[in-house]
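Structural features, examined
Here is how the chains run, residue by residue.
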Amino acid sequence: MGIEELKQLQLQIIRKNKTCNIIGVLLFIFSSLVLWVNYLSKYNLIELTIMAILIDLVFCVIIMAFVKSRVNGKNIRTFYKEFKNVFVLSSLQNVFDNITYYPTKGFSREFVKSIGMIDTGDSFNSNDYISGKYKNISFEQADMHIQEEHEEEDKDGKKETVWETTFLGRLMIFDFNKSFKSDIQVASRYFSAESLPWSKRFSRVRMEDIEFNNSFNVFAESEHEAFYILTPQFMEKIKDITKKLGCSVMFCFVKNKLHIAVNNYEDSFEHNVFKKIDEKKIQENITRDIKLITNFVDELSLDNNLFRREV
Amino acid sequence: MSLTIILIIASIIILIILGWYISVSNKLNRAVVKIDESLSGIDVALTKRYDVLTKMIDVVKAYTKHEKETLFEVIKLRKDMSIQERNNVNHVMDENFRKINVVAENYPELKSSENYKTLQQSIADVEEHLQASRRLYNSNVSIFNQLLVSFPTSSIAKSKGLTKKDFFEADEIKKEDVKINL
């Protein structure tokens, strides 16, 4: 499918959606009139009539949502799939080598749990899996959405379930250019201790950089390895890149790989089906999403292979 | 106030002072242990650096055997060296490494040999480990020395006969070691 066909599909979706909305409004007006006439003439109670109309509104909304999903559901799924093929995949292929892209697949909860860097919460979703090479550095990444379930009491003492997002962003895994034996975690201080399983396993390491200690918590099995990986230059780079991102970031060094979790509350490589297809704007957004990957390789100099081999 | 109450208050004060003394004393002991641990890290890194440099010198000598011998300084690693002695050993290694680089500049075939390249990568990694050990050691020494000068910890440290520790110096030559062009 090309861009023009994608635009045609979007027009078709919008048209069908509009038709559904008009039918929905007409259905609501008609049913409300019927209720108004019947209830008011029978019971002469205006409160009861208004209540019936409100219930009617809820019913109409539910019916319309069902009808829309039947009429447009398949088209919307096709749109998202084709959008990613037309715009995202081609952009990824321009920047990376050996690209693999699964728009609907991501990291499994078990895999993220096995890394142990972040609590996977009560609800876990992951998509937009990408793997490939940039400057000969292998990487994989996916979007991640983690939620915790809470019970909250309202003013009347009624309990209700609330889903709180604890992580919405990306997990990226890069080949690291230094060999190390033990695990190290560097987490922005915005991450709560409860969401960091490592804080219970390892002791906190204080680096010689006071500003770094104020911005990040470092947990490590071995203090020496923490100092080996976190050189003064590397700490500066971490501080710079985190400042530029303006959100909480976590760096985990596990099994000679660098795992980076960026909690930027963004769902990458997405486009709203009802939003106009502006190729330039879309391309800018995708480039920005791709740059998040390439910036880590460039700014942390992960392609520096000085330490890659040992005698 | 009865004598019993005075005795109870005095006992509580003594217990608080004793508890505080023990906790500060343990804190100082832990700081000393951490310094000793990080010092052993420096020794490991120095030994590794010595081994790789020795291998490099052997490779250099093999390439320059028909010319007059380059004089590398003799390095003697001992157990229980003082920080000053460790610093001196490290300076000698810096000097030898500088000489190796000078010789390599005159022998392009040596510089391009796989063996030499591998050893250069190795020395860069060893250097990073030495820097890490040095920074960890100096960080621990800094914390310990700060404890020694802050009152009232200083008085307990004095009673235990603890004195300020020396830092393991960094110098510019070592920092340059990692900037090897391969």
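Residues numbered from 1 in each chain as written. Chains lettered and ligands numbered in written order. Predicted model: local features only at pLDDT ≥ 70, side-chain atom pairs only at ≥ 80, totals over all residues. Heavy atoms only, no water.

On to the overall build of chain B. If you tally the helices and strands in chain B, you get 6 helices and 0 strands. When its helices and strands are written in sequence order, chain B yields α-α-α-α-α-α. Burial status across chain B gives 41% buried among its 182 residues. Entry remark: accessible area of chain B is about 10500 Å², with carbon and sulfur atoms responsible for 60%. (Helix = DSSP H or I, 4+ residues; strand = E, 2+ residues; numbered from the N terminus. Buried < 20%, exposed > 50% of the residue type's maximum accessible area, 1.4 Å probe, protein only. Areas by Shrake-Rupley, 256 points an atom, 1.4 Å probe, with all protein chains shown as cover.)

Time to look at the packing of aromatic side chains. Residue and element names in this part refer to chain A. Under the definition given, this model contains 17 aromatic pairs over all chains. Relative to Y80, the ring of F79 has its centre 5.9 Å away and its plane inclined at 70°; by these criteria the two rings are edge-to-face. We classify Y80 as partly exposed; its relative accessible area is 29%. Taking the centre distance of 5.7 Å and the plane angle of 90° together, the rings of F107 and Y129 count as edge-to-face. Separated by 22 residues along the polypeptide, F107 in the loop between β1 (97-102) and α3 (109-115) and Y129 in strand β2 (residues 123-134) bring together distant segments of the chain. Grouping aromatic residues by their ring pairs yields a cluster made of F96, Y134, F139, F174, F251 and F296. (Phe/Tyr/Trp six-rings, centres within 6.5 Å; stacked < 30°, edge-to-face > 60°.)

Note on interface size: it is often stated as the accessible area lost on association of the parts. Residues and elements named next belong to chain A. As assigned here, chain A comprises domain 1 (1-95) and domain 2 (99-311). Put simply, the middle of domain 1 and the middle of domain 2, counted by C-alpha atoms, are 37 Å apart. Counting from both sides, the interface comprises 18 residues of domain 1 and, opposite them, 21 residues of domain 2. With both chains or domains summed, domain 1 and domain 2 bury close to 1900 Å², and 74% of this area falls on carbon and sulfur atoms. Counting every contact that joins domain 1 to domain 2 gives 3 salt bridges. A salt bridge links K84 to E270, with the nearest nitrogen and oxygen atoms 2.8 Å apart. Linking domain 1 with domain 2 are 7 residue pairs in polar contact (both at pLDDT 80 or more). Within the residue set of the side of domain 1 that touches domain 2, elements represented by two or more residues are α1 (3-43) and α2 (46-95). Take the side of domain 1 that touches domain 2: its biggest share by element is 11 residues, from α2. (Domains from an automatic or database assignment. Contact = heavy atoms within 4.5 Å. Buried area = accessible area lost by both parts, 1.4 Å probe. Salt bridge = Lys/Arg side-chain N within 4 Å of Asp/Glu carboxyl O. Polar contact = N/O pair within 3.5 Å; in protein donor to acceptor, adjacent residues only side chain to side chain.)

Looking now at the pairing of β2(A). Residues and elements named next belong to chain A. With 9 of 12 residues buried, β2 lies mostly within the body of the structure. Sheet topology note: the β1/β2 ladder contains 4 bridges and is antiparallel. Counted as the bridge partner of D97 is K133 from β2. The turn linking β2 back onto strand β3 (residues 137-153) is made up of 2 residues, and K135 within it adopts a positive phi angle of 50°. (Pairing = 2+ DSSP bridges.)

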